[in-house]
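# Per-entry structural report
The primary structure of each chain is shown beneath.
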Amino acid sequence: QVQLVESGGGLVQPGGSLRLSCAASGSFFRINAMGWYRQAPGNQRELVADISSGGNTNYADSVKGRFTISRDNAKNTVYLQMNSLKPEDMAVYYCNAALKREWFNSWATVWGQGTQVTVSS
């Protein structure tokens, strides 16, 4: 069974930084795109950033210039460096990955359990 395990969330003051990590574990054939989403109370889950297997990135307008997504394919891990954090960035952050469990399977999306990011003074 494939799992995505997130870490790095916590409490930070406005203007501060956090780095989230998400590692895929278990048995799978290949991972394609990986990404980070977030969901604040009362809001829908929204894309923060994603990155292709080749390193092409995409960001929500609200985080451009402040957040950086990266990945280590050898470790099956995706990172989200968050700088200049604002109170409106406060949410549960989820990672996801598009992967194939076996070469003959279709691509499937797997989600992590989420990690809380709190931005408050």
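Our structure is the block above this text.
Position numbers for residues start from 1 in each chain and track the written sequence from start to end. Side-chain atom pairs in this predicted model are given and counted only at pLDDT of 80 or more, local residue features only at pLDDT of at least 70, and totals for whole chains, interfaces and linings cover all residues. Side-chain calculation: all heavy atoms of the structure are included, whereas hydrogens and water are not.

### Concerning a nonpolar patch on the surface
Exposure above 30% relative accessible area and the lack of any salt bridge qualify a residue for a patch; like charges then connect within 9 Å, and the nonpolar side chains Val, Leu, Ile, Met, Phe, Trp and Tyr within 5 Å. All accessible-area figures derive from a Shrake-Rupley calculation using a 1.4 Å probe, and residue coverage is judged against the displayed protein chains alone. When a carboxyl oxygen of Asp or Glu lies within 4 Å of a side-chain nitrogen of Lys or Arg, that pair is called a salt bridge. On the surface, a cluster of nonpolar side chains totalling about 400 Å² of accessible area is made up of Phe29, Trp103 and Phe104. Checked against the element boundaries, phenylalanine 29 lands in the loop between strand S3 (18-25) and strand S4 (30-39). Put simply, DSSP H or I for four residues or longer makes a helix, DSSP E for two residues or longer makes a strand, and each gets a number counted from the N terminus.

### Considering the side chain of glutamate 6
Checked against the element boundaries, glutamate 6 lands in strand S1 (residues 3-7). With no salt bridge to any partner, buried glutamate 6 finds its closest opposite charge in arginine 45, at an N-O distance of 7.6 Å. Polar contacts involving the side chain of glutamate 6 include one to the main-chain amide nitrogen of cysteine 95, which spans 2.7 Å. Within the structure, glutamate 6 has its side chain in polar contact with the backbone nitrogen of glutamine 113 (distance 3.1 Å). The contact criterion used is simple: two residues touch if any of their non-hydrogen atoms lie within 4.5 Å. Those residues within four positions of glutamate 6 in sequence are excluded, and the remaining contacts are Ser21, Cys22, Trp36, Tyr93, Tyr94, Cys95, Gly112, Gln113, Gly114 and Thr115. Classification of residues uses two cut-offs on accessible area relative to the type maximum, computed with a 1.4 Å probe and protein chains only: under 20% is buried, over 50% is exposed, and between them is partly exposed. When charges are counted, Lys and Arg contribute as positive and Asp and Glu as negative, whereas His and the chain ends are disregarded. In protein, a polar contact requires one atom able to donate a hydrogen and another able to accept it; more generally it is a pair of N or O atoms within 3.5 Å, and residues adjacent in sequence count only if both atoms are side-chain atoms.

### Describing the packing of aromatic side chains
For Phe, Tyr and Trp, where Trp contributes only its six-membered ring, two rings pair if their centres lie within 6.5 Å, and the inter-plane angle classes them as stacked under 30 degrees, edge-to-face over 60, or tilted in between. Per the counting criterion, the structure on display carries two aromatic pairs. With 5.0 Å between their ring centres and 65° between their planes, tyrosine 37 and tryptophan 111 make a pair best called edge-to-face. Taken together, the residues tyrosine 37 in strand S4 and tryptophan 111 in strand S10 (residues 108-111) connect sequence positions 74 residues apart. Judged by its relative accessible area of 22%, tyrosine 37 falls in the partly exposed class.

### Quick look at the sheet that holds strand S7 (residues 67-72)
In a beta sheet, neighbouring strands pair by backbone hydrogen bonds and run either parallel or antiparallel. Read from one edge of the open sheet, four strands run S1-S3-S8-S7, paired in antiparallel fashion. This sheet does not close on itself; its edge strands, each paired only once, are S1 and S7. Between one strand axis and the next, the sheet turns through 15° on average, direction left out of account. Pairing geometry for S7 and strand S8 (residues 77-82), over six bridges, is antiparallel. By the bridge assignment, phenylalanine 67 is partnered in S8 with methionine 82. Here, any two strands with at least 2 DSSP bridges between them count as paired. Between N-to-C directions, angles cover 0 to 180 degrees, with each direction set by a line fitted to C-alpha atoms, over the stretch in contact for helices.

### Regarding the state of the cysteines
Only a pair of cysteine sulfur atoms within 2.5 Å counts as a disulfide in this structure description. Taken as a whole and judged by the stated rule, the model has one disulfide. Disulfide pairing is shown between cysteine 22 and cysteine 95; the S-S distance is 1.9 Å. Because the torsion about its S-S bond is 45°, the bridge between cysteine 22 and cysteine 95 counts as right-handed. Note that cysteine 22 is positioned in strand S3 and cysteine 95 in strand S9 (residues 91-100), a separation of 73 residues in sequence. The pair formed by cysteine 22 and cysteine 95 is uniform in burial state, with each residue classed as buried.

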